[in-house]
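Residues per chain are reported as follows:
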Amino acid sequence: AQSVSQHNHHVILSEAASLELGCNYSYGGTVNLFWYVQYPGQHLQLLLKYFSGDPLVKGIKGFEAEFIKSKFSFNLRKPSVQWSDTAEYFCAVNAYGGATNKLIFGTGTLLAVQP
Amino acid sequence: DTGVSQNPRHKITKRGQNVTFRCDPISEHNRLYWYRQTLGQGPEFLTYFQNEAQLEKSRLLSDRFSAERPKGSFSTLEIQRTEQGDSAMYLCASSLWGGASPTYEQYFGPGTRLTVT
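Below, the structure is looked at part by part. Because the structure is a prediction, the values reported are computed rather than measured.

With that out of the way, let us pick up the overall build of chain A. Of regular secondary structure, chain A possesses zero helices and 12 strands. What you see in chain A, going N to C, is helices and strands ordered as β-β-β-β-β-β-β-β-β-β-β-β. Taking 13 Å as the expected radius of gyration for a compact globule of 115 residues, we find that chain A reaches 14 Å, a close match to that expectation. For chain A, the C-alpha atoms occupy an extent of roughly 45 × 30 × 20 Å along the three principal directions. Residues counted as buried form 44% of the 115 residues belonging to chain A. A total of about 5,400 Å² of accessible surface is found on chain A, and carbon and sulfur atoms cover 54% of it. Positive and negative side-chain charges of chain A, numbering 8 and 7 respectively, have mean locations separated by a distance of 8 Å.

Following this line, the structure appears as structure tokens:
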């Protein structure tokens, strides 16, 4: 069965610090990978996605993620965080070409950026 | 607003009562998903529809849960004889599957927060 692990449950950073959130998945086949973000009081929004091609993908608001197949990882990065990045971040995976396209989510990482 | 909408946003009910939630997906999306999210966890898949057909149900969806999408547009999720363990955020998402310009990614609604007392 597929599973997703997010190792950092709660991260506190100062503004302008660099961010890297870890995500590892467990699945032997080809996958589609996603990062979703949930800002306080708002619904889940897609931050970025990887389907195929260049393993370094860029998303909205300066975020990027790198797919490393050999490590089953899809870590999220941002060079310089802002207070407005305070949110909960979820990594998700689904089986490429799977009929369901259901998403398997990690437990989330709560990021607090201090001004 | 042309995003996914859910009603009600909050529901408080007593144990044993039935509740029904509604989800209106993005209009051109043919797939609709239901997820459940509890505190400290990521969303967990419950079921999904392609048009009006319910194609998969998770083992999390006990016999007390039923979902419909009668005309392939909005969907309802009903929980009968609610239990305290049903307290959670119920999320709906939609996507466009197949066709000339599929998007595949899922767009989420704001959720319905259920509290069972």
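What follows is about the sheet that holds strand 3 (residues 19-24) of chain B. Note on sheets: strands pair through backbone hydrogen bonds, and any given pair is parallel or antiparallel. Residue and element names in this part refer to chain B. Read across the open sheet, the four strands follow the order 1-3-8-7; overall the sheet is antiparallel. What marks the edges here is a single partner per strand, and that holds for strand 1 (5-7) and strand 7 (65-68). Each strand axis lies, on average, 15° off the axis of its neighbour in the sheet, ignoring direction.

With that settled, the discussion passes to the pattern of salt bridges. Applying the stated rule across the entire model yields nine salt bridges over all chains. Between D86 of chain B and R64 of chain B there is a salt bridge; the shortest N-O distance is 2.8 Å. Of the two residues, D86 of chain B is situated in the loop between strand 8 (75-79) and strand 9 (88-95) and R64 of chain B in the loop between strand 6 (53-57) and strand 7; the sequence distance between them amounts to 22 residues. Taken as a pair, D86 of chain B and R64 of chain B share a single burial class, namely buried. Through salt bridges that share partners, K58, E64, E66 and R77 of chain A make up one connected network.

On to the side chain of R69 of chain B, then. Residues and elements named next belong to chain B. Topologically, R69 is positioned in the loop between strand 7 and strand 8. Buried and without a salt bridge, R69 has E52 as its closest oppositely charged side chain, separated by 7.1 Å. One polar contact links the side chain of R69 to the main-chain carbonyl oxygen of H29, over a distance of 3.2 Å. At a separation of 2.7 Å, a polar atom in the side chain of R69 contacts the main-chain carbonyl oxygen of N30.

Analysis parameters
Residues numbered from 1 in each chain as written. Chains lettered and ligands numbered in written order. Predicted model: local features only at pLDDT ≥ 70, side-chain atom pairs only at ≥ 80, totals over all residues. Heavy atoms only, no water. Helix = DSSP H or I, 4+ residues; strand = E, 2+ residues; numbered from the N terminus. Rg over C-alpha atoms; globule rule 2.2 N^0.38 Å. Buried < 20%, exposed > 50% of the residue type's maximum accessible area, 1.4 Å probe, protein only. Areas by Shrake-Rupley, 256 points an atom, 1.4 Å probe, with all protein chains shown as cover. Lys, Arg positive; Asp, Glu negative; His and termini not counted. Charge placed at Lys NZ, Arg CZ, Asp CG, Glu CD. Pairing = 2+ DSSP bridges. Axes fitted to C-alpha atoms, helices over the stretch in contact; angles between N-to-C directions. Salt bridge = Lys/Arg side-chain N within 4 Å of Asp/Glu carboxyl O. Polar contact = N/O pair within 3.5 Å; in protein donor to acceptor, adjacent residues only side chain to side chain.

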